[in-house]
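What the coordinates show
So the chains spell out like this:
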Amino acid sequence: MMFTSTGSRGLYKAPLSKSLLLLPTVLTVLLTVLLPQYQDLFIYNLQAVRQGKQFWRLVSGRLICLDLKDTFCSSLLIYNFRIFERRFGSHKFASFLFGAWILSAFVDLLLIEALRFMFELKVDVLPAGLLGPVFALFVPFYSSIPRVQVTQLLGHISITNKSLTYIVGAQLLTSSAYMWVVACSGLIAGMLYYSNKLAVQRFIRVPGWAARFSSVLLEPVFSDSEPTAEAPLGMGATLDIQRQQRMDMLDQQLLLSQLAHLRRNAQQQQAQQTGLLNWNRFFPTLRHRGQNRHHEGPQPQQPPYIPPPDNTAVAEEQVRSYDSGLYLSLLKE
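Parameters at a glance
- Residues numbered from 1 in each chain as written.
- Predicted model: local features only at pLDDT ≥ 70, side-chain atom pairs only at ≥ 80, totals over all residues.
- Heavy atoms only, no water.
- UniProt positions renumbered as here; feature names shortened; annotations may be inferred.
- Helix = DSSP H or I, 4+ residues; strand = E, 2+ residues; numbered from the N terminus.
- Phe/Tyr/Trp six-rings, centres within 6.5 Å; stacked < 30°, edge-to-face > 60°.
- Buried < 20%, exposed > 50% of the residue type's maximum accessible area, 1.4 Å probe, protein only.
- Salt bridge = Lys/Arg side-chain N within 4 Å of Asp/Glu carboxyl O.

The protein appears in an unreviewed UniProt entry as UBA domain containing 2 from Cyprinus carpio. The heading Subcellular location (unreviewed entry) in the UniProt record of the protein holds the text "Membrane".

Spelled out as structure tokens, the structure:
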């Protein structure tokens, strides 16, 4: 289940995710098919940044993918991670992407210098595109999305609701020789921003005026219409309350499935410890046979059952007298 439980809602209430799906894809197709002569402006060339002082490449080289395969994989991941825009809100989600984008640029430079100093490995060009924030989103995905087993392969390999997302991330990771550098910098930037250990969320975030301006300008263009095919659930007065009730029910289903998975694992471990067949069920021990043969003899006669006397009337009379005494004492006070 790569696409989460809100997949039926599409890109509703996720205008930023929709814009990140459409705009970079269109620009990648234009640069790849129609305007290949301008691709040099969007190459993430760190040598030009260090020696030629072309610092603008830290911006242009980290916006548009120049490989269609990277664009496809990153678009799939952004579509899956749109759940965080609904959970955080568009403003906080944009701040996370912006903070991860800024921090990953510094981490890129630090990793390149560390590789050159420690291993004498010279890396001049890194994969272009909005890849650092995409890898940074794996941090909240790993931390906050529950892991639920869907099935098992060969009895040992667990397939969960998050497996397909990790497979797409692994495909993106292996698409280029130095993609692992971008992935490491994105994960480090995501951990720094998500944990807020250094209070980076106070300094690196989208300003409120920019968020309001983008909401007025871009939200009417990239916002999806409200889904009408959803079946009503619960007694919520509005659709938002009903969707929240649906999400609560899905969370309960996730917890129940995790509980059932733990119960199955305990039963499997118990079956492995006792063997495939419990032979004691078919062949009882001699001691038990002797006990059974001993109990087959004549049984002593049980005394007749005498029911206890019915003291209900007495108890009710005692309670009534106690209540009347308590009432009189309260009147005297």
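1. A closer look at unusual backbone geometry
The residue Lys53 is not glycine, and still its phi comes out positive at about 55°. Examined against the element boundaries, Lys53 turns out to sit in the loop between α2 (46-50) and α3 (57-60). Its identity as a non-glycine residue notwithstanding, Glu120 has a phi of 55°, on the positive side. Looking at where Glu120 falls in the secondary structure, it is placed in the loop between α6 (90-118) and β2 (125-126).

2. Considerations on the packing of aromatic side chains
A full pass over the atoms with the stated rule returns nine aromatic pairs. Ring geometry for Phe141 versus Tyr166: centroids 5.6 Å apart, planes at 75°, classification edge-to-face. Taken together, the residues span a long stretch of sequence, with Phe141 in helix α8 (residues 138-144) and Tyr166 in helix α9 (residues 163-173) at a distance of 25 residues. For Phe141, a relative accessible area of 2% gives the class buried.

3. So, the pattern of salt bridges
Evaluated as defined, the whole model comprises six salt bridges. In this structure, the salt-bridge partner of Glu113 is Arg50, at a minimum N-O distance of 3.9 Å. Taken together, the residues span a long stretch of sequence, with Glu113 in helix α6 and Arg50 in helix α2 at a distance of 63 residues. A relative accessible area of 29% means that Glu113 is categorised as partly exposed. A relative accessible area of 24% places Arg50 in the partly exposed class. For the salt bridge of Glu113 with Arg116, the shortest nitrogen-to-oxygen distance reads 2.6 Å. On the criterion of helical spacing, the pair formed by Glu113 and Arg116 is a turn pair, its members being three residues apart in helix α6. Each of the salt bridges in this network shares a partner with another, and the network as a whole consists of Arg50, Glu113, Arg116 and Asp124.

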